[in-house]
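Chains, contacts and geometry: an overview
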Amino acid sequence: MILGSGLLASPCAAQVLLTNVTQASGLGNFSHTPNFLSVPSNYEWMLGGIAVGDYDGDGWPDLFVPRGGQGTDALFINNRDGTFTNRAVEWSVASAHAGNGATAADFDGDGDVDIFVTSYGTALTNLGQVGRNRLYRNEGGHFAEVAAQFGVQFTGAMISSGDGAAWGDIDLDGDLDLAVAAWVETALGNRLFRNDGQAFADLTGTAVDFGMRSGFQPTIVDLTGDGFPELLLAGDYETSGVFVNSGGSAFDSAEATLGLAVESNAMGSCVADLDGNGLPDWYVTSIHRAVPPKDRFNGNAFYLNGGDDGWTEQSVDRGCNDGGWGWGVVAVDLDHDGWEDLVEVNGVASGEWVDEQEYVFRNLGDGTFERLGNETGLQLANDVRCVATLDFDRDGDLDLVFLINRVGLRLYRNDADLDATSWLLLELGGGLGTACAPHGFGAVVELEAEGRVLRRWMHGGSGFRSSNEPVVHFGLGAATVIDRLEVFWPNGQSTRMQGVSPRQRLLIDPPSFGDLDGDGTVGVKDLAVVLECWGEIDRTQRDLRRADLDSDGRVGPRDLGALLEAWNSGS
């Protein structure tokens, strides 16, 4: 089995082709209009967010977009015919406030998608307001605002702050926790909240010490391979951070030890296996200047994960360093050649960055990237802040939606050659009835086809103040069959499939609670697993962790009782 070698399709033969369908989609009438009096200082030039999610549960991705204060936020429901309709009023989210970042996930595990929004509030003092973040709980057909009820309305206690946010299961207890970034350093607004069911507990200062950091975007994803996700923070002014998860109870600052976070002005980031070695790399946007001053404006960073050989920053050598004044970024296989490309947005109305092209860094499959722009059809050069991925037309490739600061939305349809290339798109389950978090956050998906193994990490927090449609996508070149498809769930269970047909969208649920061997039933073999693991365990070991049904670090009577109950109920 070879990771990252062999080709599913020739990258030279593949082509990236994007088509602007904004007006036809109905998104062209949206205007992003921040209220400068509601935003602290002059921060309105940085605002923007997009949260993609299937809010009405029909299987098609919808869009939530904060407007910024002048006018109400928008909720664009997918009409399943290539168009969207703003239904914010009937869904109770048509609020006028200085909304900033947004992220979507099923935080309460009830099967529908909720939304968290950072906000500067509604005051007209040019100072913003503290404690105005919003948590919209989806109640089926409408949302209820419950941020104060669940304890996530504040980031900074004294200074208005709040930027990007990300969901993830930091302690592997099966529900989604929340990380929030704040750019105003003196606000001390970077936060980590643990989901305790009926409320969130603020772990900032106890489980994690952010210190003084100008955070823009967090990401919760496992970099070390032990199943417990790390907390990454893209931060401005050389304040990015990497916090290694110590068994779900504490996070240790490790960027200096690992050689990460050396970029000067981090904005957004994404995590993907960009060189095909089977390990997650970290790509971070920053500011590139043609003639940079010493130690500043040194461009985007590509941190290559070399496993035992450590991490190295290789953006210049790999051809993905110059992205202008970078903001959002996503990793996505646009041309279905089996290699994830990068789409990076940039812009600021000043100096050499005025009207700079947004970029596609096409992965050439040899460890390097080719920077493309207009030739892909992405004819976009503006103050773009956010980019998110979604399959809005459900044709099997991932499309792109952009938010232009103080302008509006742009939707680009991916016109990959679906006749000549194969693909697979997965929705992962979780939540109630399982031991895994909703959307399969924290899972690693491994696919083998035509002698090559591809890996994807299901997580929240890619980009800049935005969230993608929560799906796992593989481009498969000319492959006609998937030899092996395996989902490694964060609780230690796994699901394995063989002989899978490509060109389909699959829903894969984790094994039921107590089905430790993943055979579809709870029985004698699962009992044997519990007895074999009996006693204190190291929860970083997958095979042991699956038997710890109550996540307390010990396999004992309570786990046995839970297993027997699941057995008796016929799970």
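Rules used throughout
- Residues numbered from 1 in each chain as written.
- Predicted model: local features only at pLDDT ≥ 70, side-chain atom pairs only at ≥ 80, totals over all residues.
- Heavy atoms only, no water.
- Helix = DSSP H or I, 4+ residues; strand = E, 2+ residues; numbered from the N terminus.
- Buried < 20%, exposed > 50% of the residue type's maximum accessible area, 1.4 Å probe, protein only.
- Contact = heavy atoms within 4.5 Å.
- Patch = residues over 30% accessible without salt bridge, like charges linked within 9 Å, V, L, I, M, F, W, Y side chains within 5 Å.
- Areas by Shrake-Rupley, 256 points an atom, 1.4 Å probe, with all protein chains shown as cover.
- Salt bridge = Lys/Arg side-chain N within 4 Å of Asp/Glu carboxyl O.
- Arc of directions from axis to C-beta.
- Pairing = 2+ DSSP bridges.
- Axes fitted to C-alpha atoms, helices over the stretch in contact; angles between N-to-C directions.

On the secondary structure map, Ser 92 appears in the loop between strand 6 (84-86) and strand 7 (99-105). By relative accessible area, Ser 92 is classed as partly exposed at 41%. Along the backbone, Ser 92 and Tyr 136 are 44 residues apart, and their C-alpha atoms lie at a distance of 9.2 Å. Beyond its immediate chain neighbours, meaning those up to four positions away, Ser 92 contacts Tyr 136, His 142 and Phe 143.

A cluster of nonpolar residues, Phe 36, Leu 37 and Leu 124, forms a patch on the protein surface that exposes about 280 Å² of accessible area. When you line up the elements, Leu 37 lands in the loop between helix 1 (22-25) and strand 3 (50-53). With relative accessibility at 32%, the residue Leu 37 sits in the partly exposed group.

As a further point, take helix 5 (residues 524-532). All of the buried residues along helix 5 are Asp 526, Val 529 and Val 530. Along the axis of helix 5, the buried residues cluster in a sector spanning 95°; they form a single face. Opposite its buried face, helix 5 presents the exposed residues Val 524, Lys 525 and Glu 532, each directed more than 90 degrees away.

Our focus in this paragraph is the sheet that holds strand 23 (residues 326-332). Overall, antiparallel pairing links the four strands, which are arranged 23-24-25-26 in an open sheet. The sheet is open, and its two borders are formed by strand 23 and strand 26 (369-372), each paired with just one other strand. Adjacent strand axes in the sheet meet at a mean angle of 20° when their direction is disregarded. Of the pairings in the sheet, the one linking strand 24 (residues 341-346) to strand 25 (residues 359-363) comprises three bridges and is antiparallel in character. Residue pairing in the sheet places Leu 342 in a bridge with Phe 361 of strand 25.

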